[in-house]
Amino acid sequence: MRNIFNFKNRLQGLQQSVIRFPLTVIFLIAFFATSAWSIETTESANRLLFSLGVGILASILVQVIYETYFKTVSYQLGLYGIAVMAAIGYYLVVPDGVDSIVVGIRTTVLYFVLIVGILTVPALKKRLSFQWNFLKIFQAFFLTVLFTAVLVAGTSSILLAFDSLLFSIPERTYAHAVNAITTLFSPIFFLSYLPKYTPQIKKEESNTTLPRSLEILVSYVIIPLLVLFTLILIVYLAINIREEFWTDNLIEPMLISYAIIGLLTYVLASTMKNPFTHAFIKYYPIALIVLMLFQTISSSLRIQETGVTYGRYYVILVAVFLFLAGIHFLVYHRDQLQRVMLLLIGLAILSITPPIDAFTTSKWQQTNRLEELLISNQLLQEGTLTPQPEIPSSEKEKITETVFYLQGMEWLDEFSYIPLNDRGDNFEELFGFKPMYTRNRYELEQSRNLSIDWERFSGVEIEGYDYFTQFNVGDSTVRFGMGPQTAIETEKYQLKSEQNVVVILDKAEEELMRVNMIEVFEEFFTRNQAGGENISVEELTWERENEKIQVKLVVQHVNEFENGYYAEGYLLIGNKE
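Small disclaimer: the values here were computed from a predicted structure and weren't measured.

A. Layout of the environment of Y220. Position of Y220 among the secondary structure elements: in helix α9 (residues 212-240). Placed 56 residues apart in sequence, Y220 and F276 show a C-alpha to C-alpha distance of 7.5 Å.

See below:
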C-alpha cells in the first residue's frame, strides 16, 4: 500500500502511461479540448465527443493487442492506424442527430464491445487467466473513481472558498476544472495501473490475490444475498408458473439484473477458494440455466403480444447469452472464462449489425405489425386512414402502443397517411379513439382515480327520470342510499347488488336492466386515460335505455386498485312505459 500512494512512484507511473499509450493520450487531449470548447460556447459537440470516445477505447485495445501478440513497431503503427480509422469511421457513419435512441444505444454497445475486448484479449493467449486481468482492471477502475471523487470534491471546495473569500470567479470555472480532472487526469491515472502484458506477467499472476476486504464482501455478503434472492425467484416461479410469470413485465428486468450481478460475482468468486465460493461456483450455473430458460420462453411469448421492440430484442439476447454461459460454467467451472466473453462480444456485435440488429429487426416487425392492425380493423382503406371508434379495446391498446413506439423511434414518418404531430394530441382525430395502454401489474397496484370538477358542478339533470338515489361501490358490492343497504325497494323499483352489478327489477320482480359497474368504470377510464381531478360531469356520466326504462349514472369520484374499485355517485331511473 505504501508503494501505491507514493507520490514519486505515481508520478513516474503517469509519465510511463503517457509513453505507453501515446495515441490514447492524443485522443484524451482532443476530448478534453472539445469538451472545454463545448462548455465555453454552450454548443453541442456530441458527435465529435462520441467519436473521440471510440478512438480512446480502440487505442487502448490495440495497445493491449500489440503487447500481447506482437513485438515490432510496424505492427504497433498498423494497429494505431486501425484505431484512428475506427474513430473517423464512426464520425462519418453517425448522422448529426446523435441524440437519437438508436445512435445512443448502438454507441453504448460499441463501447461495451471495446471494453470487454480489453478485458478478454490478454487471456486468449493462455499466459494468464481472464479473472486475473479482470481483477487488475477492476482495481484500477476502483482506485481511479476514488481519486477522482476526492479531487473533484477538493477542487470544488477550493474554488468555492476562493470565490467566497477573495473574489468571484466565472461560473464555468467549476465545469472546466471537473472537465480537466475527469477527461484528462483520471483516464491517464487509470492507464498507469493497467498491467503490462509482457512474457514475465505469468509470474506476477501467481503472486496476485484478491484484497481480503473484497473477498469478505463477496464471500460473506454478496453470495448469501444472491442465494437468498435465488430462492425467492424459484419460489415465485413455482407459484406462478401457470399464470403471472409468463405475462409479468416486472420480473423481466429483475431477472436480467440478477443474472448480470450473479455473473460478475461468479468472476470474482472464481479467484477465491473457500466453502462459500466453492458452493456458489458449483450450484449457481444450475439456477442461471433454469431461470434464463424460462425467461427466454417468457420474453418470446411476450413478443406475440407486443411485437419485437429493441428492448425485448436485447432482453432475449442477454437471456440466451446467460443461458449459454451457465452451461459453460457447469462444464468448465472456473476455467476458460474468456470463451464466455468472446460469446458476449459476438452477440453484442450481432445486435448492432444490420440487417439482423435490434433496430432493423424492430423497425421491420413493428411497421408490418401496425399496417396489419390497421387493415384488419378497417382503419386503413385504399391507402387512407379511416377513424374506427368501435374496435375492441385490445386492438386499441395494440395500435396505441405500436404507433407511439414508432413515433418515439422516429420511424412513423414512413406512414405518410398518419400525420401524427409531435405531442400526439391529434391521435383521437386520426384513429377515432383516445390512446389506450396495456397496464402491467405494478400499474394496477397504483390507484388510478377520476374526480368530478366540483367548481363547475351545478347539479344533476333529472328531467325524464322518476327515481333518484346515491350509491357507493367497494369490496365488489354496490350499496344504495346513505346507509349500507345492498338492496332497496321503492314504489316502482327494486334494486339489488350482485358482485359489482346493479340489478333493477319492477314491483313484480321482473328484471328490467342489469348495470355492470366494472364496465361503467372502465368506460370512464378509457375516456380519460390521464385520470386525475376536475373531470367534467359529461365525462363521468353513463346512460343506457331499453324499451322499459332509462338509467343514468353520475359518478362523483372513482378509484381503481389492484383488488377492485371504490366509487360514489348518483343513480337515476326513468320509466318509459
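B. Spatial organisation of the nonpolar core. Core analysis: the biggest nonpolar cluster contains 114 residues, and M292, L370, L374, I399, I418 and F431 have the highest contact counts within it. Tallying contributions element by element places helix α3 (residues 46-69) first for this core, with 11 residues. Beyond its immediate sequence surroundings of up to four residues, L370 is in contact with I399, T402, V403, L406, L412, F415 and I418. Residues I488, L495, V555 and A567 belong to the second largest nonpolar core, which totals 37 residues.

C. View of the sheet that holds strand β9 (residues 511-516). Judged by pairing direction, the sheet is antiparallel, and its 4 strands sit side by side in the order β6-β7-β8-β9 without closing on themselves. Edge strands, defined here as strands with exactly one partner in the open sheet, are β6 (487-489) and β9. Adjacent strand axes in the sheet meet at a mean angle of 15 degrees when their direction is disregarded. Here 5 bridges tie strand β8 (residues 501-506) to β9, and the two strands are oriented antiparallel to one another. Paired with L505 across the bridge in β9 is E511.

D. Representation of the pattern of salt bridges within the structure. Here the structure, examined in full by the defined rule, presents 11 salt bridges. As a salt-bridge pair, E40 and R172 come within 3.5 Å of each other at their nearest N and O atoms. Taken together, the positions of E40 in helix α2 (residues 22-41) and R172 in helix α7 (residues 172-191) put the pair 132 residues apart, joining distant regions of the chain. Taken together, the shared-partner salt bridges connect E498, E511 and R514 into one network.

Rules used in this analysis
- Residues numbered from 1 in each chain as written.
- Predicted model: local features only at pLDDT ≥ 70, side-chain atom pairs only at ≥ 80, totals over all residues.
- Heavy atoms only, no water.
- Helix = DSSP H or I, 4+ residues; strand = E, 2+ residues; numbered from the N terminus.
- Core = buried A, V, L, I, M, F, W, Y, C linked by side-chain atoms within 4.5 Å.
- Buried < 20%, exposed > 50% of the residue type's maximum accessible area, 1.4 Å probe, protein only.
- Contact = heavy atoms within 4.5 Å.
- Pairing = 2+ DSSP bridges.
- Axes fitted to C-alpha atoms, helices over the stretch in contact; angles between N-to-C directions.
- Salt bridge = Lys/Arg side-chain N within 4 Å of Asp/Glu carboxyl O.

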